[in-house]
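Notes for the structure review
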Amino acid sequence: MENAAESLHDCGNNSDLEEDRSSEEDFGTSKLGTKEYWEDAYQRELETFKDIGDVGEIWFGEESMSRVLRWMDRAKIPESASVLDIGTGNGAFLVELAKHGYRNLTGIDYSPASVELAKNVLEAEDLPNVTVKEIDFLNCQGELKGFDVCIDKGTFDAISLNPVNTKEGKQLYVQSLKDALKDRGYFAITSCNWTKEQLLERFSEGFEFVQELPTPSFNFGGKKGNSVTALIFMRKH
Ligand SMILES: C[S@@+](CC[C@H](N)C(=O)[O-])C[C@H]1O[C@@H](n2cnc3c(N)ncnc32)[C@H](O)[C@@H]1O
């Protein structure tokens, strides 16, 4: 997935230094914020998966999934917990969650090709009991509610890059998330575009910050930065 790799590189460059990410408006829009981009990308990944069985891009690497799974263990999230993967892409996180023992899993994505790819990947892994649905998270009309845990890895980032209605999209995201989580349910977000401070501000109302998950940091020009930020919030009604 050539273009995604390019954007991943953007995520890891020194524009991620905390000082450079202090403002809400400090990164522009991009094609990565459009449905067409993801549909094309997952059409290609679907063909590749059917040809050679490669699931494609693991956004932010395998460790980004292990990190959240380790937190779920520490937080004693029961295997029966209902877990929603927002913007599931190729469904790789659903596979890891299922292999870890979670058995009430739902993945949603607005790209039909992503949904087909995730279903194919889950079928190949012999995990038929995971639900994957084509849903636009910004327009889910009450279909998503009562979840114990919502996971986001790169989806809020993508939504924030949408060239159209960017501000509204971010607000709709927060509202959909509030609706989807039950009281005291958890939200685990991994982002490469937003700093901890920005995420704390975005998810301040209706959420309580629980903890930051350690991610690799780097030094550049005497400043310290992280290529990704991983935070846990709790929904408070
Ligand atoms: C950076 S990819 C991450 C995919 C996956 N979470 C992962 O970690 O591999 C962003 C994902 O968000 C999905 N997405 C973007 N906007 C969405 C929306 N409004 N509703 C549902 N999915 C959306 C895209 O289709 C894409 O699968």
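Residues numbered from 1 in each chain as written. Predicted model: local features only at pLDDT ≥ 70, side-chain atom pairs only at ≥ 80, totals over all residues.

Within the protein, the regular secondary structure consists of 8 helices and 9 strands. When each of the 237 residues of the protein is scored for burial, the buried share is 38%. (Helix = DSSP H or I, 4+ residues; strand = E, 2+ residues; numbered from the N terminus. Buried ≥ 20, exposed ≤ 12 C-beta atoms within 10 Å, placed from the backbone.)

The environment of the ligand is formed by 21 residues, the closest being Trp38, Gly87, Gly89, Lys153 and Gly154. Sorting the residues of the shell around the ligand by element identifies helix 4 (92–99), strand 2 (104–109) and helix 6 (155–160) as the ones contributing at least two each. The element best represented in the shell around the ligand is helix 6, accounting for 3 residues. Considered class by class, the residues forming the shell around the ligand number 10 nonpolar, 8 polar and 3 charged. (Near = placed C-beta within 6 Å. Nonpolar A, V, L, I, M, F, W, Y, C, P; charged D, E, K, R; others polar.)

Another point: the environment of Ile135. Take Ile135: it is sitting in the loop between strand 3 (131–134) and strand 4 (147–153). Assessed through the 20 C-beta atoms surrounding it within 10 Å, Ile135 is described here as buried. Distance in space between the C-alpha atoms of Ile135 and Val115 is 9.3 Å, their sequence separation being 20 residues. The residues touching Ile135, leaving out its near neighbours within four places in the chain, are Ile108, Tyr110, Cys140, Glu143 and Leu144. (Contact = placed C-beta atoms within 7 Å.)

Let's shift gears to the sheet that holds strand 1 (residues 82–86). By way of backbone hydrogen bonds, the strands of a sheet pair with one another, either parallel or antiparallel. The strand order across the open sheet formed by 7 strands is 3-2-1-4-5-9-6, and the pairing between neighbours is mixed. With partners counted over all chains shown, the strands left at the sheet margins are strand 3 and strand 6 (207–213), one partner each. Taken pair by pair, the neighbouring strands of this sheet meet at an average axis angle of 20°, ignoring direction. Where strand 6 meets strand 9 (residues 229–235), 6 bridges bridge the pair, whose relative direction is antiparallel. By the bridge assignment for strand 9, Leu213 is matched with Ala230. The sheet strands contacting helix 4 are strand 1, strand 2 and strand 4, and the helix crosses strand 2 at an angle near 175°. Seen against the sheet, helix 7 (residues 166–180) touches strand 1, strand 4, strand 5 (181–191) and strand 9 and runs at an angle of roughly 135° to strand 5. (Pairing = 2+ DSSP bridges. Axes fitted to C-alpha atoms, helices over the stretch in contact; angles between N-to-C directions.)

Moving on to the nonpolar core. Membership of the largest hydrophobic core comes to 56 residues, with the highest contact counts inside it found for Val83, Leu84, Leu94, Cys150, Ile151 and Phe187. When neighbours within four sequence positions are excluded, Val83 is seen to be in contact with Leu97, Tyr102, Asn104, Leu105, Phe147, Asp148, Val149 and Ile151. (Core = buried A, V, L, I, M, F, W, Y, C linked by C-beta atoms within 7 Å.)

All right, on to helix 4 then. All of the buried residues along helix 4 are Ala92, Phe93, Leu94, Val95 and Leu97. Buried positions along helix 4 lie against helix 3 (63–74), strand 1, strand 2, helix 5 (112–124) and strand 4. Among the residues trailing helix 4, Gly101 stands out with phi positive, at a value near 115°.

Over its 18 residues, helix 2 (residues 35–52) extends 25 Å from the first C-alpha to the last, a length consistent with the 26 Å expected when each residue adds 1.5 Å. Remark: Gly53 follows helix 2 within two positions and exhibits a positive phi of approximately 75°. (Expected span 1.5 Å × (residues − 1).)

Right, let's talk about the packing of helix 4 against helix 5 for a bit. Following both chains from N to C, one finds helix 4 and helix 5 inclined at 30°, their axes separated by 9 Å at the closest point. With respect to each other, helix 4 and helix 5 are oriented roughly parallel. Viewed along their axes, helix 4 and helix 5 form a crossing whose handedness is right-handed. Across from Ala92, Leu94 and Val95 in helix 4, the residues of helix 5 making contact are Ala118, Val121 and Leu122. Tallied by class, the residues present in the contact of helix 4 with helix 5 amount to 6 nonpolar, no polar and no charged. (Parallel < 35°, antiparallel > 145°, perpendicular 65-115°, else oblique. Left-handed = near helix turned anticlockwise from the far one by under 90°.)

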